[in-house]
Amino acid sequence: QVQLVESGGGLVQPGGSLRLSCAASGNIFSITAMGWFRQAPGKQRELVASITTGGSTNYADSVKGRFTISRDNAKNTLYLQMNSLKAEDTAVYYCNTRGARWPWGRGTQVTVSS
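All values derive from a computational prediction rather than experimental measurement.

Cut-off values and rules
Residues numbered from 1 in each chain as written. Predicted model: local features only at pLDDT ≥ 70, side-chain atom pairs only at ≥ 80, totals over all residues. Heavy atoms only, no water. Core = buried A, V, L, I, M, F, W, Y, C linked by side-chain atoms within 4.5 Å. Buried < 20%, exposed > 50% of the residue type's maximum accessible area, 1.4 Å probe, protein only. Helix = DSSP H or I, 4+ residues; strand = E, 2+ residues; numbered from the N terminus. Pairing = 2+ DSSP bridges.

Chemist: Would you explain the nonpolar core in this entry?
Modeler: Generally speaking, a soluble globular protein has its nonpolar side chains buried in company with each other. In this structure, Trp36, Ile69, Leu78, Leu80, Met82 and Tyr93 are the most contacted members of the largest nonpolar core, which totals 29 residues. Sorting the residues of this core by element identifies β3 (18–24), β4 (34–39), β5 (46–51), β7 (67–72), β8 (77–82), β9 (91–97) and β10 (108–112) as the ones contributing at least two each. The element contributing the most residues to this core is β3, with four residues.

In structure tokens, the structure reads:
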């Protein structure tokens, strides 16, 4: 059973940056497309960024140009670099396969506020 552990969240001012990490247990991380999801209070969980095994990326329009997803297969780790953060980016952020096939981790809280 794969386990996902997200980290790196916190409180940041508008315009600031954060880098999220997601550590995956097991040895199948490298053979699947991965994604970062977020869920804001009262809203459905949404996919904000994804990356294939070959490194091709895709982003939701709301984060395009500000967020960068990357992966280190040797470390079984997924990253999300978030720049120019806005209040509307406030949410709990989760990683999973792009199709959300694995059990969800606890996520990491990102709060953008002055």
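Chemist: What am I meant to see in the pairing of β8 here?
Modeler: Each regular strand displays side chains that alternate between the two surfaces of the sheet. Where burial is concerned, most of β8 is hidden: five out of the six residues are buried. Pairing of β3 with β8, which is carried by six bridges, proceeds in the antiparallel orientation. Counted as the bridge partner of Ala23 is Thr77 from β8. Strand direction decides the pairing type here: β7 and β8, joined by six bridges, are antiparallel. Bridging from a neighbouring strand, Arg71 pairs with Leu78 of β8. Linking β7 to β8, which pair antiparallel, is a turn of four residues; within it Asn76 sits at a positive phi near 50°.

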